[in-house]
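Geometric and topological summary
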Amino acid sequence: MLEYDVVVVGAGLAGMRAAIEASKKTAKVAVLTKVHPVRSHSGAAQGGINAALSPADSPESHAFDTVKGSDYLGDQDAIEVLCSEAPGDIIELEHMGTVFSRASDGRIAQRPFGGAGFPRTCYASDITGLVILHALYEQMLKLGIKVYDEWFVTSLAVDDGVCRGIIAIDLKSGKLEAVKAKAVILATGGCAPVFHNSSNALISTGDGMSLAYRAGATLMDMEFLQFHPTTLKANGVLITEGARGEGGYLLNALGERFMAKYAPNKMELASRDVVSRAEQTEIEEGRGIDGCVLIDLRHLGAQKIKERLMQIRELAMDIAGVDPIEQPIPIRPGAHYSMGGIKTDVHGATMLKGLYAAGECACVSVHGANRLGGNSLLETIVFGRRAGRAASELACSVAGASFPEAALSDEERRISELLKREKGERAHVLRKELQEAANTNLGIFRVAKKMQNCVEKVRELKERYARAIVQDRGRIFNTDLTNALQTGYLIDLGEAMALGALAREESRGAHSRLDFPKRDDEKWLKHTLAYWTPNGPRLGYLDVTMTKWPPAERSY
Ligand SMILES: Cc1cc2nc3c(=O)[nH]c(=O)nc-3n(C[C@H](O)[C@H](O)[C@H](O)COP(=O)(O)OP(=O)(O)OC[C@H]3O[C@@H](n4cnc5c(N)ncnc54)[C@H](O)[C@@H]3O)c2cc1C
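Residues numbered from 1 in each chain as written. Predicted model: local features only at pLDDT ≥ 70, side-chain atom pairs only at ≥ 80, totals over all residues. Heavy atoms only, no water.

A full pass over the atoms with the stated rule returns 55 salt bridges. Taking the shortest distance from any N to any O, the salt bridge between R277 and D273 comes out at 3.4 Å. Remark: D273 and R277 occur in helix α8 (residues 272-287); sequence separation between them is four residues, near one turn of the helix. Sharing partners across several salt bridges, the network here consists of D71, E223, D273, R277, R504, E506, R508, R519, D521 and R554. (Salt bridge = Lys/Arg side-chain N within 4 Å of Asp/Glu carboxyl O. Helix = DSSP H or I, 4+ residues; strand = E, 2+ residues; numbered from the N terminus.)

What follows is the structure in structure tokens.
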């Protein structure tokens, strides 16, 4: 059996940053990832990463913008950690070799982003995630950190209420392997593909959230799913917020900059929930164009577009057939980011001993009910580092404990049963129905009846999933099998989202109810918790941590 002090699951920004930090304390660190590290979804991040670097800005004002953006649901102690540690982390990333774009005086350039009171988003053109991902991967190579790529984790091994390691399929051989660890860090990314045509990579199927939930850790605030205002109609591919940060306008069918009605001060740079609702309203009231509104960049000029927004120009030309130098791009809101996730403290510790989580799969919570653009990449770095530190400290302080022997054989039996099953539906049919149900019933505007439909649909899918089959019975690189397992994860998370949303009788951030249109701080200034039970999630609630900023009305 393989044995490590710290095992990190996931090699996006959060996972690699955690591994680099953990390796400072112990050499026995391994990273497992279902795709090669530089194919992680972090590599698709375009617009940038926030930090108050300028003397005219401050971590305090970054923290206030984040609290307000979160619609007061973010935990303020965690937000203060995020914002005060941001500048140091950006400088460290730069020293590791991240090539940020530069201002004319040679400093790291920063662009305005939605919901921010100061231009504090650092960027590398519009390929920021890719650039940081490669810098971290180089560091991992330099440090000689062991990477098991194309290993697909299927469960956590838990004994006596403590996480003792993981079980994974080595996709190249199809063999199931046990990896014993004193601490496990989940950094498996988000789960927006519960919805159809999300902006996420196909691999973002919420695996870690579901694994942690099934193993006894708690999920938090799953109902808060962010719709990004600018995604392409055909497939949900993202047009970065940086396009509005650089000065892009949103127009309706009448050629009006409609944001003047919804957010007269911040216009296109109001926070994402506000802009997405405005667009959806324009579309539903008949001022859209073929289910979209337009983002117009023409006035920025060819040079700026080519220099600062080169990738989105290519995406718009390839996918929408539109060159933004000459024509506006049709866009619509699309499922993008999971504010909720595995509940952790500010050191990444979950409710299950020995288990840590960081990045999009975690909920610290710094984003509350609505995340600000540029704060997610920052979260992966700040809390990836902190989780790596805490997990390695734990690993160095405990003696090795025994690995539950049955974990591997139980998992072998479960997977063989799935592979042998002869009759039933294929899982992709269920995934499609889940996504359709989520889009129809759990979208930007929500009402009780539709959410109830969604809950019922997910329960039906859960039952059908228990009898699902895979057609490829082979062991080597069986993507039919991994797709089926991923669909199981998405169904788990869809259920937690729909139930949490139905229960929350208010509108806050991304959770906007037509039947409860107001924020209700008296009853709902609290986090939703979801605990796994055989009959579906049991919900609980937890107070929000406040430090300096009492809830106030939110306008942009
Ligand atoms: C198109 C797009 C653009 C974005 N732009 C920005 C931006 O400009 N600024 C910003 O702040 N945020 C942005 N975001 C959000 C941000 O990029 C993500 O939240 C963040 O990168 C997530 O990083 P992560 O390390 O948590 O996970 P990911 O980068 O998603 O990595 C997940 C890792 O987990 C591994 N994994 C998952 N499941 C398993 C399993 N079962 N077994 C083994 N390995 C597994 C995967 O192989 C992968 O290595 C964007 C998101 C998208 C989708």
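The four strands are arranged β11-β14-β13-β12 in an open sheet whose pairing can be described as antiparallel. For this open sheet the edge positions go to β11 (225-232) and β12 (249-251), each flanked by a neighbour on one side alone. For this sheet the average axis-to-axis angle between neighbouring strands, irrespective of direction, equals 45°. Of the pairings in the sheet, the one linking β12 to strand β13 (residues 293-296) comprises three bridges and is antiparallel in character. Opposite Y249, over in β13, you have D296 as the bridge partner. (Pairing = 2+ DSSP bridges. Axes fitted to C-alpha atoms, helices over the stretch in contact; angles between N-to-C directions.)

It is worth spelling out the packing of aromatic side chains at this point. Enumeration over the complete set of coordinates arrives at six aromatic pairs. Here Y4 and Y148 contribute two aromatic rings whose centre-to-centre distance is 6.1 Å and whose plane-to-plane angle is 75°, an arrangement assigned as edge-to-face. Of this pair, Y4 sits in strand β1 (residues 2-9) while Y148 is found in strand β6 (residues 146-149), placing the two residues 144 residues apart along the sequence. Each member of the pair Y4 and Y148 is classed as buried. Between Y148 and W151, the ring centres sit 4.8 Å apart and the planes meet at 55°, which makes this aromatic pair tilted. The burial state of Y148 is the same as that of W151; both residues are buried. In this structure an aromatic cluster arises from ring pairing among Y4, Y148 and W151. (Phe/Tyr/Trp six-rings, centres within 6.5 Å; stacked < 30°, edge-to-face > 60°. Buried < 20%, exposed > 50% of the residue type's maximum accessible area, 1.4 Å probe, protein only.)

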